[in-house]
Amino acid sequence: VLLSIVSGMVGPLQCMDHPNGLRTMRGEDAVVCWNEEFGSDHQGMVALSFVACLMPIAFLAVATTAVLRLPSKLRSGDTEFLRMHSFLFKRFRLECHWYVLAFLAKSVVVALVPVLSGASLQFCTVAVVVLAILCFNSRLAPWRIKEANDLDTFLGAVFLMVLVSG
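The structure reproduced in this document is the subject of the present report.

**Remarks on the overall build of the chain**
The number of helices and strands found in the chain is seven helices and two strands. Reading the secondary structure of the chain in the N-to-C direction produces α-β-β-α-α-α-α-α-α. In terms of overall size, the chain is more extended than a compact globule, its C-alpha atoms giving a radius of gyration of 20 Å where 166 residues would be expected to give roughly 15 Å. When its C-alpha atoms are laid out on the principal axes, the chain stretches across 60 × 40 × 15 Å. By residue count, 32% of the 166 residues in the chain fall in the buried class.

Here you go:
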C-alpha cells in the first residue's frame with residue numbers, strides 16, 4: 001500500500017523530454033514541467049505532492065518510533081501498545097521486529113526510482129535495494145513462517161536475475 005501511495009505522490013516529479021526541448025509529465029502529456037509559460041499547473045501539482053508526502057513520512061516516523069519502543073513495551077507488558085502496532089510486527093519474528101523498517105524502506109525507494117534521472121541510476125538503485133533485501137532475507141529469515149522466507153528469497157533472486165539479464 002505504501003508503494004502505491006508514494007508512487008502517486010511523486011507523479012508530478014516524473015517528467016519526460018521531448019524533441020522540442022519541453023518536458024511534460026509522464027502521466028499527463030498536457031502538463032508542461034517547470035515552465036510557467038504554459039501555466040502554473042505543474043508547480044501546483046509539485047507543491048501538492050510535497051505536502052502529500054508528509055503522510056508517508058509521518059507513517060514512517062510512527063513505525064520507527066514503534067520499532068524503537070517495542071523492546072521496552074514488551075518488558076513492561078504493555079498489551080495496548082502491542083495491539084495498536086500489531087499490524088507492523090505480526091508478520092516478523094520477534095528478534096527481527098526491526099525488519100518492518102527495511103520492508104517499508106524498500107517500498108519507498110522503489111516508488112521513488114522513476115523520479116531519478118537516467119536509466120542506469122534507476123537500474124543500479126533497484127538492483128542494490130533488491131540485493132540488500134535478498135541478503136537480509138536469506139541471512140536472517142525475518143518472516144514468522146519458513147515458507148514466507150523461502151518464497152521471498154526465491155522471488156527476490158528471480159527478480160534480480162530478470163533485472164540483470166535485461
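**Points about the packing of helix α3 (residues 54-76) against helix α5 (residues 99-112)**
With their axes 10 Å apart at the nearest point, α3 and α5 run at an angle of 165° to one another. Classed by the angle they form, the pair α3 and α5 counts as roughly antiparallel. Along this stretch, α3 crosses α5, giving a crossing that reads as left-handed. Along its contact with α3, which presents Phe59, Leu60, Ala63, Thr64 and Val67, the element α5 presents Val100, Leu101, Leu104 and Val108. Across the contact of α3 with α5, the residue classes tally to eight nonpolar, one polar and no charged.

**Section: the state of the cysteines**
Counted under the stated rule, the structure contains one disulfide. Covalently, cysteine 15 is tied to cysteine 33 through a disulfide, its sulfur atoms 2.0 Å apart. With the S-S bond torsion at -95°, the cross-link from cysteine 15 to cysteine 33 turns out left-handed. Taken together, the residues span a long stretch of sequence, with cysteine 15 in strand β1 (residues 15-17) and cysteine 33 in the loop between β2 (23-25) and α2 (41-52) at a distance of 18 residues. Residue classification places cysteine 15 among the buried positions, given a relative accessible area of 9%. Residue cysteine 33 is classed as buried on the basis of its relative accessible area, which comes to 4%. Lacking any disulfide linkage, cysteine 124 is separated from the closest cysteine sulfur, that of cysteine 135, by 16 Å. Unpaired in this structure, cysteine 135 has its nearest cysteine sulfur neighbour in cysteine 96, at a distance of 15 Å.

Conventions used here
- One numbering rule holds for all chains: residues counted from 1, following each sequence as written.
- Where totals are concerned, whole chains, interfaces and linings use all residues; where local detail is concerned, this predicted model gives features only for residues with pLDDT of at least 70, and gives and counts side-chain atom pairs only at 80 or more.
- Water and hydrogen atoms play no part in the side-chain values, which are based on all heavy atoms of the structure.
- The helix and strand labels rest on DSSP assignments: H or I over at least four residues marks a helix, E over at least two residues marks a strand, and numbering proceeds from the N terminus.
- For this measure, only C-alpha atoms enter the radius of gyration; the expected value for a globule follows 2.2 Å times N^0.38, where N is the number of residues.
- Each residue's exposure class comes from its accessible area (1.4 Å probe, protein chains only) as a fraction of the maximum for that residue type: buried when under 20%, exposed when over 50%, partly exposed otherwise.
- Angles here are taken between N-to-C directions and fall from 0 to 180 degrees, while the axes themselves are lines fitted to C-alpha atoms, restricted in helices to the stretch in contact.
- Throughout, the term roughly parallel applies to angles under 35 degrees, roughly antiparallel to angles over 145, roughly perpendicular to angles from 65 to 115, and oblique to all others.
- The hand of a helix crossing depends on one turn: near helix anticlockwise from the far one by less than a right angle means left-handed, and clockwise means right-handed.
- Here a residue-residue contact requires only that any non-hydrogen atoms of the pair lie within 4.5 Å.
- Under the scheme applied here, ten amino acids are nonpolar (Ala, Val, Leu, Ile, Met, Phe, Trp, Tyr, Cys and Pro), four are charged (Asp, Glu, Lys and Arg), and all others, including Gly, are polar.
- Only a pair of cysteine sulfur atoms within 2.5 Å qualifies as a disulfide here.

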